[in-house]
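Examining the three-dimensional arrangement
For reference, the chains in residue letters:
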Amino acid sequence: MATRRRLTNRFKDEYAKASKKEKKLILDRLVEVGMGRSTARRLSGESARPAGKGRLERRRKPGSSVLLFVFN
């Protein structure tokens, strides 16, 4: 898994700037190594996504803080 991750990290910038035809060639190279095509696409596209905070916290209903205070 670590070698696959290193390979995708190596191609991330190239993949982000590539045209559709070039992306196909990059994915073909990663598939030859033994990685699944969908996995290669997902891992290669990670750098294009903005880094977030992770999962968003669930919004509480307006009266829930009062209920928590009363029943705890």
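Residues numbered from 1 in each chain as written. Predicted model: local features only at pLDDT ≥ 70, side-chain atom pairs only at ≥ 80, totals over all residues. Heavy atoms only, no water.

1. Examining the overall build of the chain
Regarding its fold elements, the chain presents four helices and zero strands. N-terminal to C-terminal, the α/β element order of the chain is α-α-α-α. A total of 72 residues make up the chain; the buried ones form 19% of that total. Across the chain, the fraction of contacts at a sequence separation of at least 24, relative to all contacts at a separation of at least 6, is 41%. Taken as a whole, the chain presents about 6,600 Å² of accessible surface, with 54% of it coming from carbon and sulfur. (Helix = DSSP H or I, 4+ residues; strand = E, 2+ residues; numbered from the N terminus. Buried < 20%, exposed > 50% of the residue type's maximum accessible area, 1.4 Å probe, protein only. Contact = heavy atoms within 4.5 Å. Areas by Shrake-Rupley, 256 points an atom, 1.4 Å probe, with all protein chains shown as cover.)

2. A look at the pattern of salt bridges
This model, assessed by the stated rule, comprises three salt bridges. For the salt bridge of D28 with R37, the shortest nitrogen-to-oxygen distance reads 2.9 Å. Relative accessible area serves as the criterion here: at 25%, D28 is assigned to the partly exposed category. Among the charged side chains, a network of salt bridges with common partners joins K24, D28 and R37. (Salt bridge = Lys/Arg side-chain N within 4 Å of Asp/Glu carboxyl O.)

3. What about the confidence of the model for the chain?
Here the chain shows a mean pLDDT of 77. Residues at 70 or above account for 67%. Least confident of the elements in the chain is helix α4 (residues 64-71), whose mean pLDDT is 60; most confident is helix α2 (residues 20-33), at 92. (pLDDT = per-residue confidence, 0-100.)

4. Describing the packing of helix α1 (residues 2-17) against helix α3 (residues 37-44)
Two elements in contact, α1 and α3, have axes whose closest approach is 8 Å; the angle formed by their N-to-C orientations is 60 degrees. Regarding the angle of α1 to α3, the classification is oblique. The crossing of α1 and α3 is right-handed. Contact with α1, carried on its side by R5, T8, K12 and Y15, involves R41, L43 and S44 of α3 and no other residues of that element. Class assignment of the residues belonging to the contact of α1 with α3 gives a composition of two nonpolar, two polar and three charged. (Axes fitted to C-alpha atoms, helices over the stretch in contact; angles between N-to-C directions. Parallel < 35°, antiparallel > 145°, perpendicular 65-115°, else oblique. Left-handed = near helix turned anticlockwise from the far one by under 90°. Nonpolar A, V, L, I, M, F, W, Y, C, P; charged D, E, K, R; others polar.)

5. Details of α3
Every buried residue of α3 is accounted for by A40, L43 and S44. Around the axis of α3, the buried residues are gathered within 95 degrees of arc, so they sit on the same side. Its buried side turned inward, α3 meets α1 and α2. (Arc of directions from axis to C-beta.)

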